[in-house]
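Remarks on the overall topology
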Amino acid sequence: MSLGHVLMDEIAIRRALIRIAHEILEKNKGVENCVLVGIRTRGIYLAKRIADKIGEIEGIPIPMAELDVTSYRDDVSNEKTKEQHQTFTSSFIQDKKIILFDDVLYTGRTVRAAMDALIDMGRPKMIQLAVLVDRGHRELPIRPDYVGKNIPTSKLENINVSLTEVDSDDQVVIKQQRS
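If you're wondering where the values come from, they're calculated on a predicted model, not measured in any experiment. (Residues numbered from 1 in each chain as written. Predicted model: local features only at pLDDT ≥ 70, side-chain atom pairs only at ≥ 80, totals over all residues. Heavy atoms only, no water.)

**Structural notes on the overall build of the chain**
Stated formally: Secondary structure is summarised from DSSP: a helix means a run of H or I of at least four residues, a strand means a run of E of at least two, and numbering begins at the N terminus for each. The quantity called the radius of gyration is restricted to C-alpha atoms. Its globule counterpart is 2.2 Å times the number of residues to the power 0.38. Using a 1.4 Å probe on the protein chains alone, a residue whose accessible area is under 20% of its type maximum counts as buried, one over 50% counts as exposed, and one in between counts as partly exposed. Throughout, a residue-residue contact means that at least one pair of heavy atoms, one from each residue, lies within 4.5 Å. Using a 1.4 Å probe, the Shrake-Rupley method yields the accessible areas, and only the shown protein chains count as cover for residues.
On a plain count of helices and strands, the chain comes out with 4 helices and 8 strands. Ordered by position from N to C terminus, the α and β elements of the chain give β-α-β-α-β-α-β-α-β-β-β-β. Over its C-alpha atoms the chain spans a radius of gyration of 16 Å, differing by no more than 12% from the 16 Å that the globule rule assigns to 179 residues. Among the 179 residues that make up the chain, the fraction classed as buried is 44%. Put simply, 69% of the contacts in the chain that link residues at least 6 apart link residues at least 24 apart. In the structure as shown, the chain presents an accessible area of about 9,400 Å², 47% of it carried by carbon and sulfur atoms.

Written as structure tokens, this is what we have:
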């Protein structure tokens, strides 16, 4: 990998998340019956930041959960059963509007795995998708409802999202792979 180019810094990420929070409130006419679900790992922290921002704006907390989709992936070999990765009960999502969070949307396979996991646990009223970065190259018919930034990429490029909760800082970097 060569050195990357910073596409979003801390300020750009914060602005994108504030905008997404407002879009969620507008589209759902508030947060009644909404639950934020972050896909492990960085989706969890994005969902938490949005939950905090919505709490500031609306003055009420919004339920939040974490989702590990490892055992639902079709491109990862995993011997564990699906039940071992449930992180909340079915009543938590039953008849709720689920807003699913991930850091980067690429092929759509992670999101498909997340939807499979959610549906195995219960029947949400609706599933919406929020991503910090949409880089294109979908292999499945999945599109985000909320996007921090669209970044068209080639398949030879990687998008790396760093968040302070996991990494040393907040930034989105694009890196060119060596061929």
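**Some words on the nonpolar core**
Here is the rule we go by: What makes a nonpolar core is a set of buried Ala, Val, Leu, Ile, Met, Phe, Trp, Tyr and Cys residues whose side-chain atoms join them at distances within 4.5 Å.
In this structure, Ile50, Phe101, Leu132 and Val172 are the most contacted members of the largest nonpolar core, which totals 30 residues. Within the residue set of this core, elements represented by two or more residues are α1 (10–28), β2 (34–39), α2 (42–58), β4 (97–105), β5 (126–134), β7 (157–162) and β8 (171–176). No other element matches α1, which puts 7 residues into this core. With 22 residues, the next largest nonpolar core counts Ala113, Ala114, Ala117 and Val131 among its residues.

**So, helix α4 (residues 109–121)**
Since there are 3.6 residues in each turn of an α-helix, residues three or four apart along the chain are aligned in direction. The condition that has to hold: Helices are assigned an expected span. That span is 1.5 Å times one less than the residue count.
Between the first and last C-alpha of α4 there are 19 Å, a value that for 13 residues agrees with the 18 Å anticipated at 1.5 Å per step. What α4 keeps buried is the set Val111, Arg112, Ala113, Ala114, Ala117, Leu118 and Met121. Buried residues along α4 sit against β2, β3 (64–67), α3 (90–93), β4 and β5.

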